[in-house]
Structure formats: C-alpha cells, structure tokens
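# Examination of the molecular architecture
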Amino acid sequence: MRILVLANTPAHVHLYRHAVDRLEAAGHDVLVLTREYACTTDLLDYFELPYRVYGDHRTEGYSTLGFAREVGGQFLTIGVEALRFDPDVVFGRGPYAAYAGTLSRTPIVLVLDDEPGDFNHTVSRPFADCILSPAVTRRDLGDAHYTFDGFKECAYLHPDVFEPTTDVRTYLDVDSDEPYVLVRFNALDALHDADLEGFRPDQRRDLIERLSEVATVFVSDEGDDLDLRELPARPYDLHPALIHDAMADAELLVADTGTMATEAALLGTPAFRYRGTDDHEYGEFQELERAGLAEQFDTYQGVRDRSLEVLADNEIAERWEQRRQEYVGDLVNLTDLLVDVAESRGAVARLDRSTKQALQPRSQTT
C-alpha cells in the first residue's frame, strides 16, 4: 500500500509518527507532505520520517484572506506530489488533505479535534470517506464521522507508546531534586487563532518573575517575541522532539496554547491554560478538567495565583500522577487505530471486530 500523510504542524508530526513507523515496518510505502513551519521539519528529520515540503508558513498573525493566498500558492505542489506518489489512502485535515485525496481519487481520512473555527471542517467534510475525532468533540460531521475514547495526543502519549528519556534533567542542566516549570507562549498564528490574544507582554514578564521565586522557569516562546536576557528564566532550547520528556518531569506547565496543555495533562503534569480572549469551549479541555488533570482560567491573576499555590504543595505531583494512571490507561491507543484504518484504506466496514469496537458512529452518540 501507499499512504500519503499531510502534516502541517509539529503536533501533526507527533500524531502520525508512530503510525508511519509501523506502516513502513509492515512493508507499506509512506510519504509525508509538509510545510516549513516552526519546528515541523526538524521533527520529521529527528524521527527519520519520509517527507517532502510543499511550502512554508511564517509564525506571525494572519487573516482568513492571508490564509487563502497561502493555500492557493501551495496547492499546485501538493497536487503534483499527490499524483506522483499515487496513494491508496490520504490522511490529514482541512483543505490540504481534501485536495490531495480528491485530485488523486483516493479515499480521505480526516483526524480532527474540537478546534473553534468551522473552516477546516466545512471545506473538507464533503470529501471525506472517514472522519475520526475524540468522543468529547461536539460536532456531528455526518455518516462518515466516527469517534473514539481519547485524544489525538494519545497517538504519542498513551502509556503503551510514550517512553520518557531518563536524561532530560541532564539535558536541561537541572538537579535531580530541582523543581522546574515550563511556560509556553503561543504565536497565535493559526487560522483558528485569528484575532485572539493570550498573555500580554506585561503579564508574561510578571508570570516569569513570580514563578521564578519558587522554581526554575523554562520558556518556550513560539513567536520568539520575548527577550529573556533581563528576566529570571531560561529559554527551552533542547531539540523540540524532547519537549514531552521535559513536560513529563516538570512540576507544572502554564500556557496560553491548547495542544501543549493537553499533552502535559495526559503526562500527569498539572496543566494550566490561560484563555485570554478565547471564549470557545473545547470538549477536550472540559474532559481533562473533569478528570482533574487540567485547569483553565479566564483571568491572568487566576492562573498566576493558582500556579503559585500548586508549586507550594508538596503532594501535588503524586495526586496528579494517580489521576493520570486512573484515567489515561483506559483511553484508546490512537496509533493502533490509525494503522488499522490505513490498512483498511479508510473503510470502517473492513476493520476487524476489535478495532470497530473502539469506534462509535457520531450520529448515534449525539
């Protein structure tokens, strides 16, 4: 078989990387089409995945019009590569996967989440042969839509898949008993982030200064806007492939971005997300809050004070890890599901009985 994967962001690389490895090990040909965006190609190189680049995307805010211009300039390359590869099934999301699959007359599998905007769903849904999303997502995308118990991040953070390195503290140059915090500032440059604001510059500085009084602070600044030279923090400068190892051993993650908050929660690290101006209700976060693994805040003071409270609690790590063990182990290993769906060419009817049991038709669960 020939499997084409559209991976446009670092999170997409993590989503598919274990499935790509397993499909190649089974003798299938796999190609990842990607763009130069943040550390996406760095991850593809690190994990030695087969890929070609169809364009780039800068980490700066942009509008729907800017997105349309960008996509228009990239579709030609995607089309050429898709026809050249001649896939049996296409995986991805949004207009990229829909276009590649439609042009090559190939079954299309979309793996979606509860993102706020409707654009990706609207433009890709009519072309999809199979749509997979977590059961906590709220949309019903029709007869081809199936849900699973878990999160997209379970493809790489499920306990059956994730094996943390024991050397991450050495790489970070922190002592074995030294508490550290990861702070993540979002570039807010994706289509669904248009017109949103997270931490303001003054809030970023204040957060770092307050957290640094009780822990070592590492900052991951996606937009690279913050000058840390006069702040009591260190840039997170390990290879981006090690970010989950660093998360797993951290005392706390504070972020104004969604993906990393979800990841930290699934790793058993207290994950606090500041909403900023984002008033969208995400099914994933609501579920993680219910499980006691993540918390969301509408005010800056709320997330700052709660962060300091948690860092002063010596028993918090044990409680969070116990919650993780009770909750995460029962979720679906999404990598297993992606491999089976790929080998069925996106046809749920061809899946074996055990795999079908992991899927529920969305139209019957709403």
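Below, the structure is looked at part by part. (Residues numbered from 1 in each chain as written. Predicted model: local features only at pLDDT ≥ 70, side-chain atom pairs only at ≥ 80, totals over all residues. Heavy atoms only, no water.)

## Let's talk about the pairing of strand β3 (residues 51–56)
Formally: Pairing between two strands is assigned when DSSP locates at least 2 bridges connecting them. Elements are defined by DSSP. Helices are runs of H or I of four residues or more, strands are runs of E of two residues or more, and each kind is numbered from the N terminus. Here a crossover is taken to be right-handed if, once the strands point away from the viewer, the path from the first strand over the helix to the second is traced clockwise.
Sheet topology note: the strand β2 (residues 29–36)/β3 ladder contains five bridges and is parallel. Note on β3: the bridge partner recorded for V32 is Y51. Crossover handedness for the path β2 to helix α2 (residues 40–46) to β3: right-handed.

## Considerations on the pairing of strand β13 (residues 294–297)
Our working definition: Burial status follows relative accessibility: with a 1.4 Å probe on protein chains alone, a residue under 20% of its type maximum counts as buried, one over 50% as exposed, and anything between as partly exposed.
Where burial is concerned, the two faces of β13 agree: the one with A294 and Q296 and the one with E295 and F297 are both buried. Relative to β13, strand β12 (residues 271–274) runs parallel, the two being bridged by four bridges. Within β13, the position partnered with R273 by the bridge is Q296.

## Quick notes on the packing of aromatic side chains
Definition in use: Pairing of aromatic side chains requires ring centres within 6.5 Å, counting the rings of Phe and Tyr and the six-membered ring of Trp. Pairs whose planes differ by under 30 degrees are stacked, by over 60 edge-to-face, and all others tilted.
On inspection of all chains with the given rule, the structure shows 12 aromatic pairs. Considering the side-chain rings of Y16 and F91, the 6.1 Å spacing of their centres and the 75° angle between planes classify their relative orientation as edge-to-face. With Y16 in helix α1 (residues 10–25) and F91 in strand β4 (residues 89–92), this residue pair connects regions lying 75 residues apart in the sequence. By relative accessible area, which is 3% here, F91 ends up buried. Ring centres of Y46 and F47 lie 5.1 Å apart, and the angle between their planes is 85°; on these two criteria the pair is classed as edge-to-face.

## A look at the pattern of salt bridges
The condition is simple: When a carboxyl oxygen of Asp or Glu lies within 4 Å of a side-chain nitrogen of Lys or Arg, that pair is called a salt bridge.
In this structure the tally under the stated criterion is 20 salt bridges. Salt-bridge contacts for R324 lead to E321; the nearest nitrogen and oxygen are separated by 3.6 Å. Of this pair, R324 and E321 are both found in helix α13 (residues 316–327), three residues apart, which corresponds to roughly one turn of the helix. One network of salt bridges, with partners in common, ties together R52, E81 and R84.

## Digging into unusual backbone geometry
Phi at A38 takes a positive value of approximately 50°, unusual for a residue other than glycine. With respect to the helices and strands, A38 occurs in the loop between β2 and α2. Among the residues examined, A38 registers a relative accessible area of 48% and is labelled partly exposed. Despite not being glycine, R345 shows a phi value in the positive range, around 60°. If you trace the backbone, R345 turns up in the loop between α14 (334–343) and α15 (353–356).

## Quick word on the environment of T147
Turning to its location among the elements, T147 is positioned in strand β7 (residues 145–148). Along the chain, T147 and R69 lie 78 residues apart, while their C-alpha atoms are 33 Å from each other.

## Regarding helix α10 (residues 258–266)
Counting buried positions along α10 yields seven of nine residues, so the element is predominantly enclosed. Those residues of α10 that sit buried are M260, A261, T262, E263, A264, A265 and L266.

## Observations regarding the sheet that holds strand β9 (residues 216–221)
Hydrogen bonding along the main chain pairs the strands of a sheet, whether they run parallel or antiparallel. Put simply, the rule is: When checking whether two residues touch, look at their non-hydrogen atoms; a contact exists if any pair is within 4.5 Å. Axis definition: a line fit to C-alpha positions, over the contact stretch in the case of helices; interaxial angles, taken between N-to-C directions, run 0 to 180 degrees.
Strand order in this open sheet of six strands is β10-β9-β8-β11-β12-β13, and the pairing throughout is parallel. The open sheet has two edge strands with one neighbour each: β10 (234–235) and β13. Along the sheet, helix α12 (residues 300–311) makes contact with β8 (180–185), β11 (252–255), β12 and β13, crossing β12 at roughly 165°.

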